[in-house]
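Observations on the model geometry
So you can see what is in the structure, the chains are spelled out below.
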Amino acid sequence: MEILLGADHVTCALGSGSTHVLDAMLDGQCGLVPETLPGGIAAYVGRAFPKGADQHPLEEQLLETVASCRAQLSRDVFAADGREAMRSAVILSTTKGEIGFLEKGDTTAAFLPALAERLRIRASLPAAPIVVSNACASGTLAIKLAADLIRAGSYDHVLVIGGDLLSRFTLSGFASLHALSAGPCRPFDRTRDGVSLGEAVAGVVLSNDRALFKEPLGRYIAGGMGNDANHISGPSRTGEGLVRAVNAALRAGDKTASDIGHINAHGTGSSYNDRMEAVAFGRLDMEHVPTNSHKGYFGHTLGAAGVLETILSLHAMHRKQLPASLGANDLDELPPLNVLQSVGTPLSNLLLKTSSGFGGCNAAIFIEA
Amino acid sequence: MDREELKRNLKQQIVKQLNLEEVKPESIADDAPLFGDGLGLDSIDALELIVLLDRHYGIKITDPKDGRTIFTSVNTMADHILAHLAAPK
Amino acid sequence: MKLLATTRIQDGRLLFNDTELAHGIGEDSDFLRALYGGLGMDYPKFHKMDRYARLSLLAAEPLYRKLREEGADIVNAVGLVTVNRSASAATDTEHWEPVSRGESASPAVFVYTLPNTGAGEITIRHGAFGPSICLASEHPDCDLLLTIADDMIASQGMTHVIVGWSDIFAAPYWSGPPTLPFAGFALIGLDAGTPITPTGLQAILTPH
C-alpha cells in the first residue's frame with residue numbers, strides 16, 4: 001500500500017497558500033512583528049488571522065483550510081453523505097483550540113471536543129475530527145497517526161488539520177517561563193534567547209488512492225515516537241526521546257542516515273531545545289544533512305507547526321530549494337549541525353521532519369517528496 | 001525587618017510557593033543549597049522563586065540567570081531582599 | 001490483544017481489578033493526596049502536579065507495578081494512550097485568573113495547561129521512553145483506541161499498552177449526579193489475559 005500526501009493549504013504570518021508562503025521564505029522575508037506584552041515584556045509574534053470580533057476565530061480559519069483542501073481533491077471523499085464517508089476521517093492537531101472562550105470565562109465552550117463537533121457540523125463531515133493534543137509535537141504526530149490508521153485499514157483517506165491561536169493565555173504563560181525571545185527568534189544561533197509564538201492553520205490530505213490527487217505532494221514512508229521521560233517542560237539533555245523517535249522511524253521505513261535529503265527540525269530558538277536537537281542529530285550521525293527550522297519566518301505555531309512545516313518542506317524539496325534557517329546568523333558550534341544559512345539543496349528526495357513538545361513527546365516522520 | 005524573622009518567613013513562603021508538601025519550613029538550614037541535592041529544586045522552581053520575590057517583596061528579576069546566585073540559599077535570598085529594601089529609591 | 005489489569009478512580013476510591021487499594025473523601029486535592037498516601041507512594045514531585053496530572057499518575061501507578069512484577073520492559077516496550085474531554089481545563093482557569101487581572105502568570109501552573117501532562121508525568125515517573133499519544137473527545141472512541149494500541153504492539157515494537165481516560169471535570173457516558181474526578185485505565189498486552197473488545201474497553205473507561 002502506498003500512502004500519499006497532497007491537497008494542502010496553509011495560512012501563517014507570511015500569508016496564505018503554500019506556494020506563496022514558500023516564495024516569501026526563499027526570498028528571506030520574516031513575518032514576525034514586535035508586540036509589547038502586558039508587564040512591558042518585549043516579544044515578536046507571528047500574526048496571521050484578521051483581528052475582529054469573531055467568536056470563533058480558530059474555527060473559521062480551520063473551516064477555510066478544510067474547504068481549500070477538499071476543493072483540490074478529484075472527488076469529495078469527506079462528504080458526510082458520500083459513498084466514502086465511512087472510509088474517511090479528519091484529525092485535528094491543536095494545543096489550546098478556541099482558547100478565547102476560556103479567556104471570556106466559558107470553560108466548557110473551550111473544550112477541544114466542542115471545537116471538533118462544531119467543525120463536523122459546519123463542514124458536514126462524516127464524524128467529528130479525532131483530536132490529537134500532544135503539545136508542540138501534535139502536528140507531526142497527527143500526520144503519523146493518519147498514516148498508521150490508513151495502513152491499519154481503518155480509513156482510506158485522512159485530512160490532517162492543525163491550528164492554534166496567538167493568545168494572551170499562551171503568551172503570558174511563555175513569558176512566565178522567560179521563554180520568549182526579545183527579538184525575532186533565532187533557531188540554532190549561538191546567542192538565541194527564546195521562542196517567538198505565531199498563529200497558523202495548515203491542512204493536508206493523506207490517502208492510499210493516488211487518483212484522489214491532481215498532483216501528490218509526497219509519499220509517506222514511516223514515522224516514530226519517543227518520550228524523553230525527563231522533565232515536564234525541559235527536554236532530555238541527551239535528546240533521548242528524539243533519538244528513539246527517529247530510530248523507530250528509520251527501522252519502520254528501512255532507511256539509514258545516509259538516505260536522508262533534508263531535515264526540517266523543531267528548532268524553536270530556545271537554548272535548551274535547539275541544543276537537545278543538535279545532540280540528538282549528532283547521535284544519529286545526521287550532522288551532515290541540510291537542516292533548517294522554519295520558525296524564524298512565522299514563529300512557533302504550536303498545534304499547527306508539524307503540519308505547516310511538513311507541507312512547506314515538501315514544496316521546498318520539489319523545488320530543490322530549501323529555505324535558509326532564518327535567524328541562524330552565527331551558528332552554535334557544539335554540537336555541529338549542517339544548518340542552512342542560505343538557500344540550500346536537498347541531498348535526496350527523502351524528508352525527515354521532527355517535532356518535540358512539553359511533556360517530553362517527540363515525533364519523527366519520513367516522507368518522500 | 002528583622003533578619004531572623006525574614007528567614008523564617010522565607011522558608012514558609014518557599015515551602016508554600018513550591019508545593020514542598022513533605023518539607024517542614026524549619027528543617028531548611030539557612031545556608032543549605034536550595035538547588036542540587038538538598039531540596040531537589042528544578043528550573044521551574046527557580047522561576048517560581050522569581051515570582052515569590054516579586055509577589056512578596058516587590059523585587060523584579062528580569063533575567064533568570066541572575067537568580068542563580070540569589071537563590072543559592074535562604075541566607076543569600078535574605079541578603080538580597082534586605083539589600084533591596086535598604087537601597088535608596 | 002488481551003486485557004491484563006484495570007484501575008479505576010471513582011467516588012474517591014482507587015480500585016485495581018475491582019479491588020479497593022485506597023480511598024479518600026472530599027472533592028478537593030485532599031482526596032488525591034489520600035490516594036497517594038494509601039498507595040504508599042514516595043514521590044515528592046506529585047505535589048507539584050496539577051489535579052489532572054495527579055489523577056492520571058495515580059490511576060496508572062498500580063498498572064506499572066503490575067508491569068514490574070511481570071518483568072515487562074517498561075523502559076522500551078510500554079506504550080501509552082490517554083484521552084479525556086476537558087483536557088487541562090481546571091488548571092487553564094487557574095493560570096488565566098491572575099493574567100486576566102493584569103498580574104503575571106505562575107510558571108509552575110502554566111506547564112500543566114496541556115492535556116498530555118498526565119502522560120508526561122507517567123512516563124517520567126516510570127522511566128518509560130516508548131510512544132505516547134494524547135487525544136481529546138467527548139467520549140472515548142474505543143474502536144480507535146484499540147486500533148492505536150494494536151498498532152503500537154504490532155508495528156511499533158511494544159509488548160504492552162496502557163489506555164486510559166482521566167478527567168477532572170467530566171465522566172464519559174455519565175448523566176448521573178456529578179461524580180468525583182473519574183479515571184479508568186486498562187493494561188493491554190499481547191499474550192496473557194482475557195480478550196479485549198471495544199465494548200469491553202468502554203466499560204473500563206466509563207463510570208458505573
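Now for a description of the structure that goes with this document.

1. Side note on the overall build of chain C
- When its secondary structure is counted, chain C shows eight helices and eight strands.
- Relative to its length of 208 residues, chain C is compact, with a C-alpha radius of gyration of 16 Å against a globular reference of 17 Å.
- Expressed along its principal axes, the backbone C-alpha trace of chain C runs to roughly 55 × 35 × 35 Å.
- Among the 208 residues that make up chain C, the fraction classed as buried is 63%.
- In chain C, the proportion of contacts linking residues at least 24 apart, taken out of those at least 6 apart, comes to 67%.
- When the accessible surface of chain C is totalled, it reaches about 7,300 Å², and 52% of it is carbon and sulfur.
- Distance from the positive charge centre (14 side chains) to the negative charge centre (24 side chains) of chain C: 5 Å.

2. Topic: the interface of chain A and chain C
- On the chain C side, the residues contacting the 45 residues of chain A number 48 residues.
- Summing the contributions of chain A and of chain C, the shared interface buries around 3,800 Å²; its carbon and sulfur component is 64%.
- Summed over the shared surface of chain A and chain C, the result is two salt bridges.
- Between C:Asp92 and A:Lys96 there is a salt bridge whose closest N-O contact spans 2.8 Å.

3. Remarks on the pattern of salt bridges
Residue and element names in this part refer to chain A.
- Tallied over the full model, the rule gives 40 salt bridges over all chains.
- Where Asp-274 meets Arg-192, a salt bridge forms, and the shortest distance between an N and an O atom there is 3.6 Å. With Asp-274 in helix H8 (residues 271-283) and Arg-192 in the loop between helix H6 (168-176) and strand E8 (200-207), this residue pair connects regions lying 82 residues apart in the sequence. With respect to class, Asp-274 is no different from Arg-192; both count as buried.
- Shared partners join several salt bridges into a network, and the residues in it are Glu-59, Glu-60, Arg-118 and Arg-122.

4. Some details on the interface of chain B and chain A
- Contact residues are listed per partner, giving eight residues for chain B and five residues for chain A.
- For the pairing of chain B and chain A, the buried interface totals around 470 Å² over both sides, and the portion due to carbon and sulfur atoms is 64%.
- Linking chain B with chain A are zero salt bridges.
- Run the count over chain B and chain A and you get two residue pairs in polar contact (both at pLDDT 80 or more).
- For the side of chain B that touches chain A, the residue count by class is five nonpolar, two polar and one charged.

5. Some remarks on helix H7 (residues 240-253) of chain A
Residues and elements named next belong to chain A.
- Compared with an ideal rise of 1.5 Å per residue, which puts 14 residues at 20 Å, H7 spans 20 Å between its outermost C-alpha atoms and is within 8% of the ideal.
- All buried positions along H7 are accounted for by Glu-240, Gly-241, Leu-242, Val-243, Ala-245, Val-246, Ala-249, Leu-250 and Gly-253.
- Looking at the buried positions of H7, the neighbouring elements they touch are strand E9 (218-227), H8, strand E12 (350-357) and strand E13 (361-368).
- Looking one or two residues past H7, Asp-254 carries a phi angle of roughly 55°, positive in sign.

6. Some details on the side chain of C:Ser166
Residues and elements named next belong to chain C.
- With respect to the helices and strands, the residue Ser-166 is situated in strand E6 (residues 160-167).
- Polar side-chain contacts of Ser-166 include one of 2.9 Å to the side chain of Ser-56.
- Residue contacts for Ser-166: discarding those within four places in its chain leaves Tyr-52, Leu-55, Ser-56, Val-83, Asn-84, Phe-182, Ala-183 and Phe-185.

7. As for the packing of helix H1 (residues 18-26) of chain A against helix H10 (residues 305-319) of chain A
All names here are of chain A.
- One can describe the packing of H1 onto H10 by two numbers: an axis separation of 10 Å at closest approach and a directional angle of 70°. As judged from the angle between their axes, H1 and H10 are roughly perpendicular. Between H1 and H10, the contacting residues are Ser-18, Thr-19, Val-21, Leu-22, Asp-23, Met-25 and Leu-26 on the first element and Ile-311, Leu-312, His-315, Ala-316 and Arg-319 on the second.

Cut-offs applied
- Residues numbered from 1 in each chain as written.
- Chains lettered and ligands numbered in written order.
- Predicted model: local features only at pLDDT ≥ 70, side-chain atom pairs only at ≥ 80, totals over all residues.
- Heavy atoms only, no water.
- Helix = DSSP H or I, 4+ residues; strand = E, 2+ residues; numbered from the N terminus.
- Rg over C-alpha atoms; globule rule 2.2 N^0.38 Å.
- Buried < 20%, exposed > 50% of the residue type's maximum accessible area, 1.4 Å probe, protein only.
- Contact = heavy atoms within 4.5 Å.
- Areas by Shrake-Rupley, 256 points an atom, 1.4 Å probe, with all protein chains shown as cover.
- Lys, Arg positive; Asp, Glu negative; His and termini not counted.
- Charge placed at Lys NZ, Arg CZ, Asp CG, Glu CD.
- Buried area = accessible area lost by both parts, 1.4 Å probe.
- Salt bridge = Lys/Arg side-chain N within 4 Å of Asp/Glu carboxyl O.
- Polar contact = N/O pair within 3.5 Å; in protein donor to acceptor, adjacent residues only side chain to side chain.
- Nonpolar A, V, L, I, M, F, W, Y, C, P; charged D, E, K, R; others polar.
- Expected span 1.5 Å × (residues − 1).
- Axes fitted to C-alpha atoms, helices over the stretch in contact; angles between N-to-C directions.
- Parallel < 35°, antiparallel > 145°, perpendicular 65-115°, else oblique.

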